[in-house]
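# Close look at the chain arrangement
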Amino acid sequence: MCLALNDILSAWRFVSHKMVCFSSIICAFSAFLVVNGQLQPALPAEYKRLPSLREQAAIQDQWRAERMSRVPALLKKYGVDAWLMSQREHAEDTLWWSIKNATDYDVHRRTILLFHTNSSSLTGQPNPLMWIDNTGQVWPELRQQLEKYTPERIAINVDRDLAFSGGLHVGELAVLEEELGEKWMSRTVNVPMMSVEFVSDKGSDQIDYYRDMQESVWAMLEEGFSHRVIDVGVTSTLDLEWWFREKMLTMNVTTWNHPRVSVIKSTMNPGWEGTDDVIQEGDMLHIDMGITAMGMNTDTQHLAYVLQSSIGEMDAPDGLKTGLKKSNRMQDIVLENMQAGLTGDTVLRRCLDIMKSEGIEGQIYSHPIGDWGHDAGAVMGFTNLPEHVPVLGELPILPNTFYSIELYASHFVPERNETLKFLQEEDAYWAESTQTWKFVRGRQEIFHIVDQTKRALSRATGEVIFRVQT
């Protein structure tokens, strides 16, 4: 007998996990997990425990050392002799958060950094040279170093378009002009791509820990979008948002963006807020969430379906499944066309052309991720700029980084007689060995299912059940 993947997952949901032989399920799944390893993960996600905070700090400082070791080559690539940053406590350069040690937070006093090419008078010197000062003594010392080093091109972060390249505060710029004078300020240059590349470049083993973070996100989604947390007719989307926030605390992680949970409606568009609804049978649920740990951020959007258990429904309607498949196809199109070196707009146009040829309606708005939730680098679309993004869309896509593949497909659902948007987001990484992009932990191809009939059974067996606090 030939079973479909959805049939297997329905069986998984229907039968208690305690009564199912894992080996038989693995064998069943293996027959269907094909091509590129980009499909739904075969087994439920597990919460991954990250190293202790002390161990995390040591690991992060190793990544920092690796990043710093690339600076001389980065400066030479962009024809720069020195890179100067001046900042004060609570007025940090944007790049500070990618430069600092793991145990640093705000800068101290006024902090001056001078990166160099490890040549001439600065051969073998710390890189960057750093001064922490609130007396003014830094300025004669900085001028002395510049006189010895004699850089011809000094980069400062004053770009007007890119946040990662424009972090020099206007007050600090005025002080630099006063203290360094025409001789050195006339040699300053704006090289925006240098900052972008510095931030986007990832450490050699960051993906290992990022993959663990991503699996924990999936574990949260699988738990949150289930009968263990949702009490149909009682739990609201806001209740669920705060469940995710509380769950993050128990995992010793935080977030860069409050989780947003919505009931999908035909009038819904991508945005920055969830909805305020009591969850009911037949609802299609959506979440946009991410976690922050070890100086890295994730960004994920998944869909769930609440079974109409009162009429014996066992799975999501076929119309919803087809809509999800369309958004999966869009994910394939994006990954297949994301070639390093192409601009974000070029990739976007290619993807839109393919979507049109295949009769797919939808929108792409994908972005880099890593040190920041919206990291440095080229974007492919914005929600309000679906075909061309000035500046950010004109940047080249860089390798050795992470991306959030964010998009939606529009699909008419006959069971509901309405067109819905199927919003998805999965994080991907650059695989150096194949020179391609791959999802960090596969991608969602099957709805998370909320089955209210299991809630009473879980209570009877003593399973931990979340109850809304009133």
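Residues numbered from 1 in each chain as written. Predicted model: local features only at pLDDT ≥ 70, side-chain atom pairs only at ≥ 80, totals over all residues. Heavy atoms only, no water.

Turning to the nonpolar core, a few remarks are in order. Counting residues in hydrophobic clusters, the biggest one holds 49 residues, and the most contacted among them are W83, M338, I364, M380 and I405. Those residues in contact with I364 that lie beyond four places of it in its chain are M330, V334, L348, C351, M355, M380, G381, F382, E406 and L407. Grouped together as the second largest cluster of nonpolar side chains are 37 residues, I207, V261, M296 and V306 included. (Core = buried A, V, L, I, M, F, W, Y, C linked by side-chain atoms within 4.5 Å. Buried < 20%, exposed > 50% of the residue type's maximum accessible area, 1.4 Å probe, protein only. Contact = heavy atoms within 4.5 Å.)

On to the sheet that holds strand 5 (residues 188-189), then. Taken in spatial order, the 5 strands make up an open sheet running 3-2-1-4-5, and their pairing is mixed. In this open sheet, the two strands that pair with only one neighbour each are strand 3 (129-133) and strand 5. Sitting on the sheet, helix 6 (residues 138-149) is in contact with strand 1 (82-88), strand 2 (110-116), strand 3 and strand 4 (154-155), with an inclination near 5° to strand 2. (Pairing = 2+ DSSP bridges. Helix = DSSP H or I, 4+ residues; strand = E, 2+ residues; numbered from the N terminus. Axes fitted to C-alpha atoms, helices over the stretch in contact; angles between N-to-C directions.)

Our next topic: the packing of aromatic side chains. For any pair of aromatic rings, the description consists of the separation of the ring centres together with the inter-plane angle of the planes. Enumeration according to the criterion identifies 11 aromatic pairs in this entry. Centroid distance Y210 to F402: 4.3 Å. Interplanar angle 15°. Geometry classified as stacked. Remark: F402 occurs in strand 13 (residues 402-413) and Y210 occurs in helix 9 (residues 206-224); sequence separation between them is 192 residues. Both residues of the pair, Y210 and F402, belong to the buried class. Here the aromatic rings of Y403 and W437 are separated by 5.3 Å at their centres, their planes lie at 80°, and the arrangement is edge-to-face. Of the two residues, Y403 is situated in strand 13 and W437 in strand 15 (residues 436-439); the sequence distance between them amounts to 34 residues. On the basis of relative accessibility, which here comes to 4%, the residue W437 falls in the buried class. Through a chain of ring-to-ring contacts, three or more aromatic side chains come together here, namely W83, F115 and F198. Over the face of the ring belonging to Y105 we find K100, whose NZ or CZ atom lies 5.5 Å from the ring centre. It is K202 that lies over the ring of F402; its NZ or CZ is 5.4 Å from the centre. (Phe/Tyr/Trp six-rings, centres within 6.5 Å; stacked < 30°, edge-to-face > 60°. Lys NZ or Arg CZ within 6 Å of the ring centre and 35° of its normal.)

With that out of the way, let us pick up the packing of helix 6 against helix 7 (residues 170-185). Helix-helix packing: each pair is described by the crossing angle between the helix axes and the interaxial distance. Running from N to C, helix 6 and helix 7 cross one another at 25°; their axes reach a closest spacing of 11 Å. It follows from the interaxial angle that helix 6 and helix 7 lie roughly parallel. Crossing angle aside, the handedness with which helix 6 passes helix 7 is right-handed. On the side of helix 6, the interface is formed by W139, L142, R143, L146 and E147, while helix 7 contributes V175, L176, E179, L180, K183 and W184. Its residues assigned to classes, the contact of helix 6 with helix 7 shows 7 nonpolar, no polar and 4 charged. (Parallel < 35°, antiparallel > 145°, perpendicular 65-115°, else oblique. Left-handed = near helix turned anticlockwise from the far one by under 90°. Nonpolar A, V, L, I, M, F, W, Y, C, P; charged D, E, K, R; others polar.)

Such coordinate-based values are descriptive only and should not be taken to indicate function.
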